[in-house]
Amino acid sequence: QVQLVESGGGLVQAGGSLRLSCAVSGRTFSTLAMGWFRQAPGKEREFVAGISWTGGSTRYTDSVKGRFTISRDNAKSTVYLQMNSLKPEDTAVYYCAADTSLRHIRVGAYQYDYWGQGTQVTVSS
């Protein structure tokens, strides 16, 4: 049973920072490409950032480039999302997801096999 558990969400003022973590168990973490998605009320779930299973490649949606950084620690089976210069429009539930395909970083939510329960990020203006 693969489990993904996110943590690190919360309430922050605009311009502040948060670091999300996602701990993975039940599968060899180093074989998983990982992604972070978010979903705001009334909107579809959108891709935010992804990292390859080797850790050698990353990908970001345009709205977070230069502000967010995705990283992974295979020894801890954990993926991180460092979020800086947060904006009110970053407010959403953030989900981590795992892709078992051993392919390039994928941006479609339907392409990921396992999901965490989500963590709320709220940015006040």
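Preceding this section is the structure that the text describes.
Cut-offs applied
Residues numbered from 1 in each chain as written. Predicted model: local features only at pLDDT ≥ 70, side-chain atom pairs only at ≥ 80, totals over all residues. Heavy atoms only, no water. Disulfide = S-S within 2.5 Å. Helix = DSSP H or I, 4+ residues; strand = E, 2+ residues; numbered from the N terminus. Buried < 20%, exposed > 50% of the residue type's maximum accessible area, 1.4 Å probe, protein only. Lys, Arg positive; Asp, Glu negative; His and termini not counted. Salt bridge = Lys/Arg side-chain N within 4 Å of Asp/Glu carboxyl O. Polar contact = N/O pair within 3.5 Å; in protein donor to acceptor, adjacent residues only side chain to side chain. Pairing = 2+ DSSP bridges.

**Brief notes about the state of the cysteines**
The final tally for this structure, using the stated rule, is one disulfide. Residue cysteine 22 pairs covalently with cysteine 96 via a disulfide, S to S 1.9 Å. Across the S-S bond linking cysteine 22 and cysteine 96, the dihedral sits near 50°, which makes this disulfide right-handed. In this pair, cysteine 22 is assigned in strand S3 (residues 18–25) and cysteine 96 in strand S9 (residues 92–99), connecting sequence segments 74 residues apart. Relative accessible area serves as the criterion here: at 0%, cysteine 22 is assigned to the buried category.

**Digging into the side chain of arginine 72**
Turning to its location among the elements, arginine 72 is positioned in strand S7 (residues 68–73). No salt bridge is formed by the buried arginine 72. Its closest oppositely charged neighbour is aspartate 73, at 8.4 Å. Polar side-chain contacts of arginine 72 include one of 2.8 Å to the backbone oxygen of phenylalanine 29. Polar side-chain contacts of arginine 72 include one of 2.9 Å to the side chain of asparagine 74.

**What to know about the pairing of strand S11 (residues 119–124)**
Burial of the side chains of S11 is restricted to one face: Thr119, Val121 and Val123 are buried, whereas none of Gln120, Thr122 and Ser124 on the reverse face is. Sheet topology places strand S2 (residues 10–13) next to S11; four bridges connect them, and they run parallel. Bridge assignment links glycine 10 to a residue of S11, and that residue is valine 121. With three bridges connecting them, S9 and S11 associate as antiparallel partners. Bridging from a neighbouring strand, tyrosine 94 pairs with threonine 119 of S11.

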